[in-house]
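So the chains spell out like this:
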Amino acid sequence: MLFELIKSEILLQGRVFRIRRDTLKTPDGRETKFEIIEHGGSVVILPVDENEELYFVRQYRHAAGKNLLELPAGTRDGDEPFEACAAREIREEIGMEAGRLQKVGEFYLAPGYSSEYMEVYLATELKHNPLEADEDEFLSVEKYPVREAIQMAERGEVPDAKSLAALLLARRHLEDLVLRS
């Protein structure tokens, strides 16, 4: 089913993304419009320390109107490689550097209206090495045993889609880490 692009116009250029309106011709010949958020891509990280604890951040999300528990994550700077973004974001958000970053998956965050593509990284061999946080981020770091973190997600205590997707994609890797010890 092919849709034909008739025209595209930029509605808003923001700090992190822009919004465009596309006019398309549908496969049956009708015309329709879609508003799309153009996003340069991002990462979500599952940092696990030597005690098998998984790091989360709690931060205020204005769109949700509340503080949410989430895995550390962030947006790429321009064409920054995804792995470099993950290495930077983990230091900015939880103050830890990963001795080992392993890509465990990738996904579109909300393909119905956004081009945002995320890569998921498991971060291990952590050591303290913070970078200054973004000026508009106010985060508190929380750690939970891996098994408890998965149970929290299953109980609905982690209501953030990217964190849930990352936990699902990394579950086998997380279970392997816990079983090894």
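Structure first, text after, so check above.
Residues numbered from 1 in each chain as written. Predicted model: local features only at pLDDT ≥ 70, side-chain atom pairs only at ≥ 80, totals over all residues. Heavy atoms only, no water.

Trainee: Give a description of the layout of surface pockets that names residues and reports values.
Mentor: Here the largest pocket defines a volume of roughly 1,300 Å³. Every residue lining the largest pocket is counted, 37 residues in all, and those nearest its centre are V16, H39, R61, T75 and E116. Within the residue set of the lining of the largest pocket, elements represented by two or more residues are β3 (31–39), β5 (53–61), β6 (66–70), β7 (73–75), α1 (82–94) and α3 (161–180). In terms of residues, the lining of the largest pocket owes the most to one element, α1, which gives 4 residues. Taken as a whole, the second largest pocket encloses approximately 210 Å³ of empty space. (1 Å grid on protein atoms, 1.4 Å probe; cavity = no way out; pocket = protein on both sides within 12 Å on 5 of 7 lines; lining within 4 Å. Points joined across faces, edges and corners; volume = space filled by probe spheres on them. Helix = DSSP H or I, 4+ residues; strand = E, 2+ residues; numbered from the N terminus.)

Trainee: Please give an account of the sheet that holds β6 that cites residues and values.
Mentor: Each strand in a sheet pairs with its neighbour through backbone hydrogen bonds, running either in the same direction (parallel) or in the opposite one (antiparallel). With antiparallel pairing, the 3 strands of this open sheet are ordered in space as β6-β5-β10. Each end of this open sheet is capped by a strand with a single partner; those strands are β6 and β10 (139–145). Here the strands of the sheet are splayed against their neighbours by 30° on average, with no regard to which way each runs. Note: β5 against β10, 7 bridges, orientation antiparallel. Note that in β10 the partner of V57 across the bridge is V141. Across the sheet, helix α2 (residues 146–154) touches β5, β6 and β10, and the angle it forms with β10 is around 110°. (Pairing = 2+ DSSP bridges. Axes fitted to C-alpha atoms, helices over the stretch in contact; angles between N-to-C directions. Contact = heavy atoms within 4.5 Å.)

Trainee: Could you give me a rundown of the sheet that holds β3, with the residues and numbers involved?
Mentor: Here 3 strands make up an open sheet; going across it, the order is β1-β2-β3 and the pairing antiparallel. Edge positions in the open sheet fall to β1 (4–13) and β3, since each of these has one partner strand only. Along the sheet, successive strands turn relative to each other by an average axial angle of 25°, direction set aside.

Trainee: An account of the packing of aromatic side chains is needed here, citing residue identities and associated values.
Mentor: According to the stated counting rule, one finds 3 aromatic pairs in the structure shown. Here the aromatic residues F82, Y108 and Y117 are joined through ring pairs into a cluster of three or more. A cation over a ring is seen here: R76 above F82, with NZ or CZ 4.3 Å from the ring centre. (Phe/Tyr/Trp six-rings, centres within 6.5 Å; stacked < 30°, edge-to-face > 60°. Lys NZ or Arg CZ within 6 Å of the ring centre and 35° of its normal.)

Trainee: Mind laying out the nonpolar core, listing which residues take part and the relevant values?
Mentor: The biggest cluster of nonpolar side chains holds 26 residues, and the ones touching the most others in it are L46, L54, F56, L71 and L174. Breaking this core down by element, the ones donating at least two residues are β4 (42–47), β5, β8 (96–108), β9 (117–128), α2 and α3. Sequence-distant contacts of L71, defined by excluding residues within four places in its chain, comprise V44, I45, L46, L54, Y55, F56, V57, K162, S163, A166 and L167. (Core = buried A, V, L, I, M, F, W, Y, C linked by side-chain atoms within 4.5 Å. Buried < 20%, exposed > 50% of the residue type's maximum accessible area, 1.4 Å probe, protein only.)

Trainee: Could you give an account of a nonpolar patch on the surface, naming the residues involved and the relevant values?
Mentor: A cluster of nonpolar side chains, L11, L12, V16 and F17, forms an exposed patch at the surface whose accessible area comes to about 300 Å². Here L11 is to be found in strand β1. Note on L11: relative accessible area 38%, which makes it partly exposed. (Patch = residues over 30% accessible without salt bridge, like charges linked within 9 Å, V, L, I, M, F, W, Y side chains within 5 Å. Areas by Shrake-Rupley, 256 points an atom, 1.4 Å probe, with all protein chains shown as cover. Salt bridge = Lys/Arg side-chain N within 4 Å of Asp/Glu carboxyl O.)

Trainee: Describe the side chain of H173, and please don't skip the residues or the numbers.
Mentor: Tracing the chain through its elements places H173 in helix α3. Leaving out residues up to four positions away in the same chain, H173 has contacts with Q102, V104 and L122.

Trainee: An account of unusual backbone geometry is requested, with residue identities and associated values reported.
Mentor: Note on backbone geometry: most residues besides glycine have negative phi, and most peptide bonds are trans. Here E52, not a glycine, exhibits a phi torsion of approximately 60°, which is positive. Examined against the element boundaries, E52 turns out to sit in the loop between β4 and β5.

Trainee: Explain the pairing of β5 to me, and be specific about the residues and the numbers.
Mentor: Where β5 and β6 come together, 5 bridges link them in antiparallel fashion. Bridge pairing links R61 to K66 in β6. Counted between consecutive antiparallel strands, the loop separating β5 from β6 contains 4 residues, among which G65 sits at a positive phi close to 75°.

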